[in-house]
Amino acid sequence: MGILSILIFFPLVGALGALIVRKDEAAKWVALLTSIVTFVISLVAYLQFNQGLPGYQLTEQMPWVVSQGLTFTYFVGVDGMSMMLVLLTTFLMIITIIGTWNSLSKAVPAFMALLMVLETGMIGVFCSLDLFLFYVLWEVILIPMYFIIGVWGGKRRIYAAVKFFIYTMAGSLLMLVAIIWLGIEAGRVTGHFTTDLTKLYAVAHQLPLDVQEYLFLAFALSFAIKVPIFPLHTWLPDAHVEAPTAGSVILAGVLLKMGTYGLIRFCLGLFPQAAFEYSTLFSVLGVIGIIYGALVSMVQTDIKKLIAYSSVAHMGFIVLGIFSMTREGLQGAVIQMIGHGLSTGMLFMMFGMMYDRRHTREIKEYGGLAKSVPLFATFFGIAVFSSVGLPGLNGFIGEYLTMMGAYYSPVLNTWSYAIWSASGVILAAVYLLWMYQRFVFGRAAGAPAPSGHGHDDHSAHEDHGDHGHKLLDLSWREIVAVVPLVGFMIWIGIQPMHFLKVSEKTMYQMSDDLLKMKTGSVTPVQQAAK
Amino acid sequence: MISGFQISARDIYGVMPLLILAGTGLVVLMWDAFEKVPTRIPLLLTVLGALAAGATGIINIENTGRVFNGMILNNGYSNFYSALFSVAVVIAVLLAERYLKDEEVLIGEYSALTLFAACGMIMLASGNDLIVTFLGLETMSIAFYVLAGLFRRRQESNEAALKYFLLGAFSTGFFLYGIALLYGSFGTTNLDGITAALSIPAKSASVLASPMFWMGMGMLIVGFAFKVAAFPFHQWAPDVYEGAPTVVTGFMSTAGKAGAFGALVLIVNIAMAPMTGNPAALNKMQTLIGVLALASMFYGNITALSQMNIKRMLAYSSIAHAGYMLLGVAAMSQAGATSVTLYLTVYTFMQMGAFGVVGLLEKQGGVGLNLSDYAGLGRRKPVLAFVMSIMMLSLTGIPPFGGFFAKYYLFTAAIQSGLTGYAILGMIATLISVYFYLRVMVVMYFRDAEEPALQVSGGGGIALSTTGNISAWAALAIATIGISVLGLLPMILTNLAKTFYLH
């Protein structure tokens, strides 16, 4: 059993452990220790990983189902991109458990077990090199997330959980048809049915263009729902708002990345010709997502919803970067995936901390936090700035690279996407800073209303049971949870090369292959970038 | 032919599972008649007999050939089905012990009838002659008619039995008429004979061009569609499934379907395999069965959406599952046959598991069958709720449970035969089903009980008797382990499937 298999399946041990100990506190410790050990295992995998090589590494393959006609293998491996995402997953899981330590009141062992199952699924998705295995794990993830939202969520949790499940299922079933189709095509070419990704590249590239387009669309639909790309995003605000804090963090931090990961790995990797055909469509949708997400965020009164819509906008940059297919765009997409996981994850988690104290999500119920809880205000501010894309923090790197990629892209062939998406950066500053101002500065909630807002504030006055209590600032536990996040934000912001170089070889090769196919040679811009 | 008919030891050995089940059934029936105080002996006898039959089936799985003058198959296919039906009998009687005790029905006659029904199923799945198929169909159905009316004093049970009987008799007419017309086309009712006739190009072309063949085939399919409750021949199913005792419904909707599909696959996918050489006829046949499949999927799933009674919901969902399996039949290929067989195996486990949970939660007199009665079950009965969740996820076709693999094989077979459009529509139908299967979990875990209908209280309830608890748990354990193991290691079945088509 290789390192990746241990990494994938170790969290399941924790899941069993959490169920066996049954006590709430003990289950949390089991989950925490499991996630720390998993993180260490992923670091060991990272050390074994050779950044200088573009292909899949640490691969393990063994037959799973072998029968006449149908063969699936258990085939895992990582390249630069998946290595980054695996590290993000294992890291974020520790932070999530520490950060939401006291948020849960019921059935804690079951929750922890589900989180661990989720971790297995997420790591597995990023490591699968067999489409069938990928699909199985992709679907397995639905079950724990469904229960996390449905059992521990807010008031409209059932609606949100079912919507989340059905939306995702809708996409993935078509993907399943596409996987089977591809497997059968492989059978026609190589003599036996296979869903081995490394063998499918050659098969898929030879397919007639219209078949490639169907398959591309079937895969892309599934991933577009997960990302989510406008207009398939409507499940996201519901799921985010209703999910418990830990669920929101994992959902925003990792689950959405599965969609963009899939777009790069499968849609671009398997069907480049079709991807060229549809690059305009997806880039336009990406830009619409950036602007639409920002505009909708601006008018939200519910903080979680605001952060959720800001995710739609941020994921739009990633989509744009992916379909620019340039080195900068793809690298930007990877670093933006990591960056968004950190910053949006942190926003959700910190808001969760405040929610545990005040039990309301309405912005107007807050205010004056800078005075009463300065530490919270500071850290929350860093997360907000990172999300805005302030230079020096992680968000800037990803947005800058994706926009640069879109600007130079010979596939998109116009700089207008970059211009439009840049307006998204400005809008992000508007809605996030405005939210920060109302949330953190200003009057403390419940203070006498200025004239002219009497009616609006009336309802606020009726429901200020918490007002008057002294709000507690961040505890040591909470500081322990947020400091590493901030550390990485600054590290990525100042020294992005440390992170970019992990996926550099993989993404460069992919981009070069794609652009060679598109234009016949590497473009001058690419040469310059070297 | 008749003059030379002799029964050899090989013939007897070839139908061993059938004989064991029939013999056990007779012994159980007699024991029951002479028993003064109810004991567990009939149950034990049934389980042992069924296990012996199942073991014989597995031991003989590499057999090849025909017995009884080419009338009955004795190969991997028939022996696999024998084992499957035997396992279904084991689950059915184990689940029934407590349920029947609560309802004050003796287990003996139930066990005997179950065994006889299984005999009919084995005949169906090993019938190499349409006459044997017919005999099997009738043996199975008659046992089912009686089983549906097992609760003599309950009106719904009587209604179910009568409805099933009347409509079943009607469908038998179709079936027989179909056989007669096929005999007219081929000059034989033997499946090997049909294969041979279709393999001769000239003969095949004339038969496939004749309306008589298509009339016969159509009627045969109508007969089968009735037995597997495929739309639009499903009308009896919801009422019968709801009215019949829950354990009987579980057995009827799984093993009963398996029997009918066992025969249908044998006729369409295997005996008529040479039809693939005639694209026009193949297309006609695929369309005929494929449309039936799609109609069943959509009708079953859409109607199940609005059901509030859990037995009815499972009944309508079983119509949809018949549709999925028909898609495997429509593939008209060996891969299709294998996939239907795998699906039936998994389906037997998951559907019986689901009905088992329903039966355990049901109160005397059919109370506690509404979805709302399951509210908060996740907290009150965590293990049962967990088992039910696995069954629901598997029925939906979510990995890593068996239902997913079975569906995967089915759709793969369909796409391999060029039925991609049907497969995509089938996926959409699956998506519809997600909602009502999830709803069971929503109710169990996400809602709290407003009215603790299922809590242990007076008036007879789940705690009425404790005998049979162990057997019910054993049955649920078999089903749950079956689903999980087949989900993670489907090659257990796919390896067995290699033996299916050895002649």
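About the thresholds
- Throughout this document, residue positions are counted from 1 along each chain, in the order its sequence is written.
- Chains and ligands are labelled sequentially in the order written, the chains with letters from A and the ligands with numbers from 1.
- Selection of residues for local features in this predicted model requires a pLDDT of at least 70, selection of side-chain atom pairs for listing and counting requires 80 or more, and totals for whole chains, interfaces and linings are taken over all residues.
- Helical segments are the DSSP runs of H or I of at least four residues, strand segments are the runs of E of at least two, and each set is numbered from the N terminus.
- Two things to know: the radius of gyration comes from C-alpha atoms, and the globule rule equals 2.2 Å times the number of residues to the power 0.38.
- Buried, partly exposed and exposed are defined by the number of other C-beta atoms within 10 Å of a residue's own C-beta, namely 20 or more, between the two limits, and 12 or fewer respectively, with C-beta atoms placed from the backbone.
- Remark: residues whose backbone-derived C-beta atoms lie within 7 Å of one another are considered to be in contact.
- Interaxial angles span 0 to 180 degrees and are taken between N-to-C directions of axes, which are lines fitted to C-alpha atoms, for helices over the stretch in contact.
- The cut-offs work like this: below 35 degrees is roughly parallel, past 145 is roughly antiparallel, 65 to 115 is roughly perpendicular, and the gaps in between are oblique.
- By the definition used in this description, the sense in which the near helix is turned from the far one sets the handedness, with an anticlockwise turn below a right angle giving left-handed and a clockwise turn giving right-handed.
- Think of it as three bins: nonpolar holds Ala, Val, Leu, Ile, Met, Phe, Trp, Tyr, Cys and Pro, charged holds Asp, Glu, Lys and Arg, and polar takes everything else, Gly as well.
- A residue's pLDDT is the confidence the predictor assigns to it, expressed on a 0 to 100 scale.
- We call two strands paired when DSSP finds no fewer than two bridges between them.
- To estimate the expected span of a helix, count its residues, drop one, and scale the result by 1.5 Å.

Draft legend 1. Representation of the overall build of chain A in the model. Scanning chain A from N- to C-terminus turns up 22 helices and 2 strands. Computed over the C-alpha atoms, the radius of gyration of chain A is 23 Å, within 12% of the 24 Å expected from 2.2 N^0.38 for a compact globule of 530 residues. In chain A, which comprises 530 residues, the proportion classed as buried is 60%. Relative to all contacts within chain A whose residues are 6 or more apart in sequence, the contacts with residues 24 or more apart total 78%.

Draft legend 2. Representation of the overall build of chain B in the model. Helices and strands together make up the secondary structure of chain B, namely 21 helices and 2 strands. Against the globule reference of 23 Å for 503 residues, chain B gives a C-alpha radius of gyration of 22 Å, in line with a compact fold. In chain B, which comprises 503 residues, the proportion classed as buried is 62%. For chain B, the share of sequence-separated contacts (at least 6 apart) that also reach a separation of at least 24 residues comes to 79%.

Draft legend 3. How the structure looks around the environment of A:Glu277. Within the secondary structure layout, A:Glu277 lies in helix H12 (residues 272–298). Separated by 64 residues in sequence, A:Glu277 and A:Glu213 have C-alpha atoms that sit 8.2 Å apart.

Draft legend 4. Highlighting the packing of helix H4 (residues 76–102) of chain B against helix H5 (residues 107–126) of chain B. Residues and elements named next belong to chain B. Between H4 and H5, whose axes approach to 9 Å, the crossing angle comes to 160°. One element, H4, and the other, H5, form an angle in the roughly antiparallel class. The hand of the H4/H5 crossing is right-handed. On H5, the residues touching Ser 78, Tyr 81, Ser 82, Phe 85, Ser 86, Val 89, Ala 92, Val 93, Ala 96, Glu 97 and Leu 100 of H4 are Ile 107, Tyr 110, Ser 111, Thr 114, Leu 115, Ala 118, Met 121, Ile 122, Ala 125 and Ser 126. Classifying every residue of the contact of H4 with H5 by side-chain character gives 14 nonpolar, 6 polar and 1 charged.

Draft legend 5. A look at the environment of B:Ala244. Residue and element names in this part refer to chain B. For Ala 244, the position within the fold is in the loop between helix H11 (236–243) and helix H12 (246–271). Separated by 96 residues in the primary sequence, Ala 244 and Ala 148 place their C-alpha atoms 4.6 Å from one another. For Ala 244, the contacting residues outside a window of four places in its chain are Leu 147, Ala 148, Ser 157, Ala 160, Thr 249 and Met 252.

Draft legend 6. Representation of the packing of helix H11 (residues 245–270) of chain A against helix H13 (residues 303–324) of chain A within the structure. Residue and element names in this part refer to chain A. The contact between H11 and H13 brings their axes to 11 Å, and the two run at 20°. Relative to H13, H11 is oriented roughly parallel. The hand of the H11/H13 crossing is right-handed. Contact residues: H11 offers Ser 248, Ala 252, Leu 256, Thr 260, Leu 263, Ile 264 and Leu 268, while H13 offers Lys 304, Ser 311, Met 315, Ile 318, Val 319 and Ile 322. Residue composition of the contact of H11 with H13, grouped by class: 9 nonpolar, 3 polar and 1 charged.

Draft legend 7. Spatial organisation of the confidence of the model for chain A. All names here are of chain A. Taken as a whole, chain A shows an average pLDDT of 85; of its residues, 92% reach a score of 70 or greater. With pLDDT under 50 throughout, residues 448–467 is counted as low confidence; its partners more than four residues away or in other chains account for 12 contacts. Low pLDDT, under 50, characterises residues 526–530; the stretch is placed with 6 contacts to residues that sit more than four places away or in other chains.

Draft legend 8. Fine view of the interface of chain A and chain B. Taken together, the 28 residues of chain A in the interface contact 27 residues of chain B. Looking at the side of chain A that touches chain B, the elements that each hand over two or more residues are strand E1 (57–66), helix H5 (131–140), helix H6 (142–152) and helix H7 (157–190) of chain A. Within the side of chain A that touches chain B, the residues separate by chemical class into 22 nonpolar, 4 polar and 2 charged.

Draft legend 9. Geometry of the pairing of strand E2 (residues 71–78) of chain A. Residue and element names in this part refer to chain A. Buried residues dominate E2, accounting for 6 of its 8 residues. Taken together, the 7 bridges between E1 and E2 define a ladder with antiparallel strand orientation. Note that in E2 the partner of Gln 61 across the bridge is Phe 75.

Draft legend 10. A look at helix H18 (residues 402–416) of chain B. Residues and elements named next belong to chain B. Look at H18: 21 Å from first C-alpha to last across 15 residues, which is about the 21 Å you get at 1.5 Å a residue. Extensive coverage of H18 is indicated by the burial of 15 of its 15 residues. Where H18 terminates, the next one or two residues include Gly 418, which has phi positive at roughly 85°.

Draft legend 11. Here's a closer look at unusual backbone geometry. Cis geometry is adopted by the peptide bond preceding A:Pro228, which originates at A:Val227 and carries an omega value of -10°. Position of A:Pro228 among the secondary structure elements: in the loop between helix H9 (209–226) and helix H10 (235–242). Cis geometry is found at the peptide bond from B:Phe231 to B:Pro232, where omega equals 0°. Its place among the elements puts B:Pro232 in the loop between helix H10 (211–228) and H11. Of note, B:Ala229 is a non-glycine position whose phi angle comes to about 60°, a positive value.

Draft legend 12. Up close: the confidence of the model for chain B. All names here are of chain B. For chain B, per-residue confidence averages 86 on the pLDDT scale, and residues scoring 70 or more make up 94% of the total. Ignoring residues within four places in sequence, the model shows residues 451–466, a span with pLDDT below 50, making 21 contacts including any to other chains. Taken together, the chains of this predicted complex give a pTM of 0.86 and an interface ipTM of 0.81.

Draft legend 13. Representation of H5(B) in the model. Between the first and last C-alpha of H5(B) there are 28 Å, a value that for 20 residues agrees with the 28 Å anticipated at 1.5 Å per step. Of all 20 residues that make up H5(B), 19 are buried, and the element is covered over most of its length.

Draft legend 14. Layout of the environment of B:Gly359. Residues and elements named next belong to chain B. Mapped onto the secondary structure, Gly 359 falls in helix H15 (residues 334–361). Along the primary structure Gly 359 and Leu 95 are separated by 264 residues, whereas in three dimensions their C-alpha atoms are 7.9 Å apart. The residues touching Gly 359, leaving out its near neighbours within four places in the chain, are Leu 95, Tyr 99, Thr 246 and Val 247.

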